[in-house]
Amino acid sequence: MIKTDNAARIDSQPEQPPNHHGPAPGGRLQSSLARFRRTWGTAEWIQAAALLAMLISLAVLIILPLIAIFKQAFLTVDGSYAGLAYFRAYLESPALLQSLQNTVFVSFMTTVIAVPLAFLLAYALARTDIRGKSLYKAAALLPLFAPTMMHGIGLTYLFGHQGLISTGFFGWLPFEMRIPLYGPVGIIISEVIYTFPQAFLILSAALSISDYRLYEAAETLGASKWKKLFTVTLPSVKYALMSAIIVCATLSFTDFGAPKVVGGQFNVLATDIFKQVVGQQNMALGAVVSIVLTLPAVVAFIIDRVVTRRQQAYVTSRSTPYIVRPHRTRNVMAHTYAGMIALAMLVLLAAVVTASLVKVWPYQMTLSWDNYKFTDSAAGGFAPFWNSLRMAALTAVIGTLVTFIFAYLIEHIRILPFLRQTGYFLSIVPLALPGLVIGLAYIFFFNDPGNPLNVIYGTMSILVLANIAHFYSVPFMTATTSLKMMDKEFENVSLSMNVSRIRSFMRITLPLSLPAIMEMAIYFFINAMVTVSAVIFLYGADLKPASIAIVSMDDAGDTAQAAAMSVLIIFTNLIVRLLYEAYSARIRRKTAAWRER
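Residues numbered from 1 in each chain as written. Predicted model: local features only at pLDDT ≥ 70, side-chain atom pairs only at ≥ 80, totals over all residues. Heavy atoms only, no water.

> Describe the pairing of strand β2 (residues 364–367), and please don't skip the residues or the numbers.
Remember that side chains alternate between the two faces of the sheet whenever the strand is regular. Pairing between strand β1 (residues 358–360) and β2: two bridges, direction antiparallel. The partner of valine 360 across the bridge, within β2, is glutamine 364. Turn length for the β1-β2 hairpin, with the two strands adjacent in sequence and antiparallel, is three residues. (Pairing = 2+ DSSP bridges. Helix = DSSP H or I, 4+ residues; strand = E, 2+ residues; numbered from the N terminus.)

If you want it as structure tokens, here you go:
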């Protein structure tokens, strides 16, 4: 048999012993470096730099201020280590422990009342065929557009010493209906109004999705309506119920606005932080109370994440939608209940609007625009309103831009998974942080003379940054959800055609995500207009926002002017929302055109 030259050369080489241990360590390193050089080009280096910049930004926005507040709780005034001295002082203070007990009580009662009320309304609108559902829903969501102080102010004009209802419509009725408004009752009512729309939105989404086959099976087995409620309906929405409970408990536990207006001498943790920091200048104890305020929110956040992970798909491809059968009695009951909820919300708003338009409630009820001048009140003119508009607009534009880019980096970049996971974790951390804690943390971090970012303290920049950090998580999750729904085939086709990632982002990703981007902007804008807690420690002398001006005016006894400022905020938010709805409908039609054949 004739061998080729190559075969002859191979046969001529001495036989090598088999290597059972693979290449030498130096060889593996060289091989890894060679593979790294082959796979990492300019684009990968740019992506890595972008991920690193994102992590640094999130650290500056969230982590470093939190470290500063925790550090403050363990240091004395002169900067020496204090150990647990401030925590012991907190535990030995009966007043502060009473505030903790009051806060738990308010949170518990608010949750117990708000969740069932929201469930009933969501059930009435999702499982009946009554007319006017959109109007009922719009009325139920009205509190979302108002600062929480407005709920307290509205209750004051209804149930206060000179309230419309408490005085029997100013003596027109033969009886009065007075309640102990200033204290736990007023706070709980205000918190129920504040948390009700949040729970309603969560439960409405859950009840609108159902598998009608389960109800048909229950009917076949002869189950009664109550049996179907407890064996089919409630199990199908148990995760939504859990989320609603967590949201209501957390929001009422950390809220500052309502206890400030109608709390009276009934202290809660949120007002304690304000008193310690602003009233007594006790920053260390304020930091300790902030940590105590954060712990339940963190626990609730962890429970919510665990519950969300366990949630399974209730509706499958074989499911059939829920069929609402005509039922006159049921519809009458649903109309009655939804009408009562809508009436309660509208009466509260009407009381605030009326109080802002009359000269002196209830003595001179003639109409006047004097309360809208603000020149003789603690607001000092219209400047707070313009400050809020400017702050909300900047928060909406910058916050939406930053949030969407960060979400895009985490969802669409395929290298360095550890950095992307770290970025995702940092992005959802603000969900567990109360606004007061963020505001106080920003004081300790940005007011440090050694911090190069100290120059922004007391400026509009720090107000915008605090708002972005406070409300960052929800728009981030909106953006990631939108990006996950986008077919990866778009990106693969673009890359196969040598289209740059930036160009495919601008020409494909951005237009398809436009509805989500607009929703994020509106969320940032409305929340920045109504927030108090995140900015109450941070505003400069000439940068007081409108929501803070409401607190100042209420403290100074200018309640009618505070009502007028509340009306300006809520109508601004409503106008912006309506403009968004009109524009987004046009955008949706435009961006959906490519799907039509």
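Back to the write-up after that little detour.
> Requested: an account of the environment of lysine 373, with residues and values cited.
Of note, lysine 373 is situated in the loop between β2 and α17 (383–412). Between the C-alpha atom of lysine 373 and that of alanine 564, which follows or precedes it by 191 residues, the distance is 9.2 Å. With residues up to four places along the chain from it excluded, the contact list for lysine 373 reads Gly381 and Phe382. (Contact = heavy atoms within 4.5 Å.)

> How would you sum up the nonpolar core? Please name residues and give values.
Ranked by size, the top nonpolar core spans 167 residues in total, and within it Leu121, Phe200, Tyr442, Phe537 and Met565 carry the most contacts. Apart from residues no more than four positions distant in its own chain, phenylalanine 537 is found in contact with Ile273, Phe274, Val277, Val278, Leu436, Gly439, Leu440, Ile443 and Tyr457. (Core = buried A, V, L, I, M, F, W, Y, C linked by side-chain atoms within 4.5 Å. Buried < 20%, exposed > 50% of the residue type's maximum accessible area, 1.4 Å probe, protein only.)

> Go over the environment of glycine 263, please, and point to the residues and values.
Note on placement: glycine 263 falls in the loop between α13 (257–262) and α14 (269–279). Under the relative-accessibility criterion, glycine 263 is labelled buried at 0%. The spacing of glycine 263 and leucine 181 is 82 residues in sequence and 8.4 Å in space, taken between C-alpha atoms. Ignoring sequence-local partners within four residues, the contact set of glycine 263 consists of Tyr182, Gly183, Ile187 and Ala258.

> Describe in detail the side chain of glutamine 47, supporting the description with residues and values.
Summarising the element assignment, glutamine 47 is placed in helix α3 (residues 42–72). If we skip the residues at most four places from it in the chain, glutamine 47 touches Ile413, Ile415 and Arg501.

> Which residues make up helix α23 (residues 501–512), and what values do they have?
Across its 12 residues, α23 extends 15 Å between first and last C-alpha, which sits within 8% of the 16 Å expected from 1.5 Å per residue. Ser504, Phe505 and Thr509 are the residues of α23 that are buried. When α23 is viewed along its axis, its buried side chains cluster within an angular range of 105° and face the same direction. (Expected span 1.5 Å × (residues − 1). Arc of directions from axis to C-beta.)

> Can you explain the environment of threonine 254? Please cite residues and give values.
Looking at the element boundaries, threonine 254 is found in helix α12 (residues 238–254). In the structure, threonine 254 is positioned 17 residues away from threonine 271 in sequence and 9.6 Å away in space, judged by C-alpha atoms. Setting aside chain neighbours within four positions, we find threonine 254 in contact with Ala270, Leu293 and Pro434.

> Describe in detail the pattern of salt bridges, supporting the description with residues and values.
The final tally for this structure, using the stated rule, is eight salt bridges. For glutamate 219, the salt bridge goes to arginine 325, with nearest N and O atoms at 3.3 Å. One end of the pair, glutamate 219, is in helix α10 (residues 212–220); the other, arginine 325, is in the loop between α15 (283–310) and α16 (328–357), with 106 residues separating them in the sequence. Residue arginine 325 is classed as partly exposed on the basis of its relative accessible area of 43%. A salt bridge links lysine 260 to aspartate 555; its shortest N-O distance comes to 2.9 Å. Residue lysine 260 is found in helix α13, and its partner aspartate 555 is found in helix α25 (residues 546–555); the two are separated by 295 residues along the sequence. For aspartate 555, a relative accessible area of 48% puts it in the partly exposed group. Taken together, the shared-partner salt bridges in this structure form one network comprising Glu219, Lys228 and Arg325. (Salt bridge = Lys/Arg side-chain N within 4 Å of Asp/Glu carboxyl O.)

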